[in-house]
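Take a look at the letters that make up each chain.
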Amino acid sequence: MSSLEEERREQARWRLRPKFANVNIFDRLVEAEFLPEEQQDRATDQRLRQVIRYAVNQIPYYRDLFARRGIDSGRISHVPDLPLLPPLSKRDVYDENDRLQPEQLPDSQKVMGVLSSSGTTGRPARVVQTVANNEMFAILSQRQLRWFRWDPQGTFATIRLGSQLPRGQSGAVNPEHTTQRLPAWRYAGHFFHTGPAYNFNVTNEIDGQVGWLRDVEPDYLMSYSETLEHLVLASEGENPCPGVKGLFAISEQLTESMRRLIEGAFGAPVDQNYGLNEIGLAAVRCRAGRYHTHTEHCAIEIADDDGNHCAPGETGHILITGFNNAAMPLIRYDTGDMAKAVEGPCPCGRTLPSFGEIVGRYSRIAFLPEGTLGYVGAVRETLEAMPQDIIANLRQFQIHQFRDNRFELRIIAAGPMHPAFAERIDAAWQQAVGAAGHPLAIVAVNEIERSPGGKFQDFTSDFMPKPSGDDETDSGRSG
């Protein structure tokens, strides 16, 4: 069976609700995933040309930008032409907000509302969204779940911040220690018949989260990357959720050591996507390890500090051009994230453009002293390899880097840690830092402070910019 035939078969498992029986966009998405590369490029370039023409005609910011650069709108007709324009920063979106909106919105488009960018610049930018742009989120949500091979009739559980779960009828946030039950999966369940969904606040105690999972017994679980890791630690060598068939890690970076630990404990694969508030869902990770762009929704470039396209194997900025938001089209928007450029066909068989591993937010890692990420990685890998009897009491951890290059491993434990815990951490640390000699202290704490937005961060540094309360790395709607 060919890859396309297999994907058609997977799509057939999803039954559209009666009022969407004649909607064919989902079948078209399947077909588009395996087009010859030349057809992929033509389709993307056509969408790009439409956005460029519209932006120059209707958006004051872009009209002035093209005039200053002496560029005719027809000069940018292919993705390789985009480096003729400078990247659009989050600060640009903040400073030029009014001038990034159209003089006249097309009659066919309606404004849905406003979403915020992440607050890594210290002041989040507001991006006006159209109904059409928002609808693509639900449509692409189903595509990614199909790629994950999730059975739509299964039970879908989510552990997130209460503010990122669906609101009750009164508009209230889901209270702690309560289960929110929905008759269908969020977003994909709007179009398709699905099983039920259960939601729980990530601010509940970690042991309570494990107990909740074992009570609900979901088929699928979505949560933050670090929360999945915490669930493993709190389960003391047992499967945190016996019977789970698939995991969906969102928001924070998922390192390879985290992936091994989580998949080994749950006995299920961990899948990921890539998205952000300002654009929506932008890419989904296939099982071969590449992120494939949703070209129906955007174009993605991996660019160096000068805005030029990176060579395969190089790491660069993720720049996104959105195709469906006439209320505020963003062209070459610098997400603040970094990823590796790749080349050649993907082993998964899909021909959608792709990029490699996401290596973190530029704003968080750009000013770290040399060697920092290697030191942190050494601690992570040591924790992953530690026997269960040594790590049994560990519940959560955070590594913090001080301005004078001292480090602190903060741990929350259910009881005294095994003496070998500190010995193994110290040995790995000394080997990693070598002649640099940066000290590491292990400190037991009762609580680890979350970011202003409520997220848990397993690595913090005094060299990183302080996040605002809106600091998020995913769209806030990843399901």
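Every chain begins its residue count from 1, and numbering advances along the sequence as written. At least 70 in pLDDT is required for a residue's local features to be given in this predicted model, at least 80 for side-chain atom pairs to be given and counted, and no such filter applies to totals for whole chains, interfaces and linings, which use all residues. Computation of side-chain values covers all heavy atoms of the structure but excludes hydrogens and water.

Caption draft 1: Here's a closer look at the overall build of the protein chain. Numbered from the N terminus, helices here are DSSP runs of H or I no shorter than four residues, and strands are runs of E no shorter than two. A tally of helices and strands in the protein chain yields 14 helices and 20 strands. For this measure, only C-alpha atoms enter the radius of gyration; the expected value for a globule follows 2.2 Å times N^0.38, where N is the number of residues. In terms of overall size, the protein chain behaves like a compact globule, its C-alpha atoms giving a radius of gyration of 23 Å where 479 residues would be expected to give roughly 23 Å. Along the three orthogonal principal directions, the C-alpha set of the protein chain runs to about 70 × 55 × 50 Å. Only protein chains enter the calculation, and the probe is 1.4 Å; a residue is then buried if its accessible area is under 20% of its type maximum, exposed if over 50%, and partly exposed in between. Counting all 479 residues of the protein chain, 56% fall into the buried class. Contacts are assigned to residue pairs with any non-hydrogen atoms lying within 4.5 Å of each other. Look at the contacts in the protein chain between residues 6 or more apart in sequence, and 68% of them connect residues 24 or more apart. Of the roughly 20,200 Å² of accessible surface on the protein chain, 48% is carried by carbon and sulfur atoms. Mean positive and mean negative side-chain charge positions of the protein chain (50 and 63 charges, respectively) differ by 5 Å. Note on areas: Shrake-Rupley with a 1.4 Å probe; residue coverage comes only from the protein chains shown. Charged residues are defined narrowly, with Lys and Arg counted positive, Asp and Glu counted negative, and His plus the chain ends left uncounted. For the purpose of locating charges, the reference atoms are NZ of Lys, CZ of Arg, CG of Asp and CD of Glu.

Caption draft 2: Region of the structure containing the pairing of strand E2 (residues 126–130). The buried fraction of E2 amounts to four of the five residues, a majority that puts the element mostly inside the structure. Pairing between strand E1 (residues 111–116) and E2: five bridges, direction antiparallel. Note that in E2 the partner of Leu115 across the bridge is Val127. Strands are treated as partners if at least two bridges between them are detected by DSSP.

Caption draft 3: Seen up close, the environment of Met417. Within the secondary structure layout, Met417 lies in the loop between strand E18 (407–413) and helix H14 (419–433). In this structure the C-alpha to C-alpha distance between Met417 and Ala444, which are 27 residues apart in sequence, comes to 9.5 Å. Beyond its immediate chain neighbours, meaning those up to four positions away, Met417 contacts Ile390, Ile391, Asn393, Leu394 and Ile411.

Caption draft 4: A look at the pattern of salt bridges. Each reported salt bridge corresponds to a side-chain nitrogen of Lys or Arg within 4 Å of a carboxyl oxygen of Asp or Glu. Using the criterion set out here, one finds 30 salt bridges in the structure. Residues Arg146 and Glu7 are paired through a salt bridge, measuring 2.8 Å at the closest nitrogen-oxygen approach. Highlighted residues: Arg146 in helix H6 (residues 131–148) and Glu7 in helix H1 (residues 3–12), separated in sequence by 139 residues. Per residue, the accessibility class of Arg146 equals that of Glu7, and both read buried. Here Asp404 and Arg406 are joined by a salt bridge, their closest N and O atoms 2.8 Å apart. Overall, the relative accessible area of 38% leaves Arg406 in the partly exposed class. Among the charged side chains, a salt-bridge network with shared partners connects Glu6, Glu7, Glu10, Arg13, Glu33, Arg143, Arg146, Arg149, Asp151, Glu296 and Arg350.

Caption draft 5: Expanded view of the pairing of strand E10 (residues 280–285). Across the six residues of E10, six count as buried, placing the element largely inside the fold. Note that strand E9 (residues 273–276) and E10 share four bridges and pair antiparallel. Across the sheet, the residue bridging to Asn273 is Val284, located in E10. Taken together, E9 and the strand that follows it, E10, pair antiparallel across an intervening segment of three residues.

Caption draft 6: Main features of the nonpolar core. Throughout this description, the term nonpolar core refers to a set of buried Ala, Val, Leu, Ile, Met, Phe, Trp, Tyr and Cys residues connected via side-chain atoms within 4.5 Å. Ranked by size, the top nonpolar core spans 58 residues in total, and within it Leu221, Leu231, Ile262 and Phe266 carry the most contacts. Here this core takes eight residues from H6, the largest share from any one element. Once residues within four sequence positions are removed from consideration, Ile262 is found in contact with Ser225, Leu228, Glu229, Val232, Leu247, Leu254, Gly267 and Val270. In terms of nonpolar packing, the next biggest core, distinct from the first, is built from 46 residues, Ile76, Ile279, Ala327 and Tyr333 among them.

Caption draft 7: Representation of the sheet that holds strand E19 (residues 440–444). Spatial strand order, E19-E18-E17-E20: four strands in an open sheet with mixed pairing. Each of the sheet's edge strands pairs with one partner strand only, and the pair in question is E19 and strand E20 (459–461). Taking each pair of neighbouring strands and ignoring which way they run, the sheet shows an average axis angle of 20°. Note that E18 and E19 share five bridges and pair parallel. Paired with Glu408 across the two strands is Ala441, which belongs to E19. Axes, fitted as lines to C-alpha atoms, cover a helix only where it is in contact. Angles between the N-to-C directions of the axes lie from 0 to 180 degrees.

Caption draft 8: Up close: the sheet that holds strand E3 (residues 156–160). The strand order E4-E5-E3-E6-E7-E8 describes an open sheet built from six strands, whose pairing is mixed. The sheet is open, and its two borders are formed by strand E4 (180–182) and strand E8 (270–271), each paired with just one other strand. The pairing of E3 with strand E6 (residues 220–224) spans four bridges and is parallel. Note that in E6 the partner of Thr158 across the bridge is Met222.

Caption draft 9: Examining the packing of aromatic side chains more closely. Each pair of aromatic rings taken from Phe, Tyr and Trp, with Trp reduced to its six-membered ring, is defined by centres within 6.5 Å and is described as stacked if the planes are under 30 degrees apart, edge-to-face if over 60, and tilted in the remaining cases. If you walk through the whole model with that rule in mind, you get 21 aromatic pairs. Considering the side-chain rings of Trp150 and Phe248, the 6.2 Å spacing of their centres and the 85° angle between planes classify their relative orientation as edge-to-face. Of this pair, Trp150 sits in the loop between H6 and E3 while Phe248 sits in strand E7 (residues 246–250), placing them 98 residues apart in sequence. Given the relative accessible area of 1%, Trp150 is considered buried. Three or more aromatic residues joined by ring pairs form one cluster here, namely Trp14, Phe20, Phe26, Phe148, Trp150, Phe156, Trp185, Phe191, Phe192, Tyr220 and Phe248. The ring of Trp147 has Arg350 lying over it, and the distance from NZ or CZ to the ring centre is 3.8 Å. We call a charge positioned over a ring when the NZ of a Lys or the CZ of an Arg lies within 6 Å of the ring centre and within 35 degrees of the ring normal. Its end group placed over the ring of Phe463, Arg403 keeps NZ or CZ at 4.5 Å from the ring centre.

Caption draft 10: Spotlight on H1. The complete set of buried residues in H1 reads Leu4, Glu7, Glu10 and Gln11. Buried residues of H1, viewed axially, fall in a sector of 120°; they line one side. Looking at the buried positions of H1, the neighbouring elements they touch are helix H2 (25–32) and H6. The directions from the helix axis to the C-beta atoms form the arc being described.

Caption draft 11: Focus on helix H12 (residues 372–385). Each residue after the first adds 1.5 Å to the expected span of a helix. Over its 14 residues, H12 runs 20 Å from end to end, which matches the ideal 20 Å to within 8%, given 1.5 Å per residue. For H12, every residue scored as buried is listed here: Thr372, Tyr375, Val376, Ala378, Val379, Arg380, Thr382 and Leu383.

Caption draft 12: Spatial organisation of the side chain of Asn204. Among the secondary structure elements, Asn204 is positioned in the loop between strand E5 (197–201) and helix H8 (206–216). Since its relative accessible area comes to 4%, Asn204 is described here as buried. Beyond its immediate chain neighbours, meaning those up to four positions away, Asn204 contacts Glu176, His177 and Gln209.

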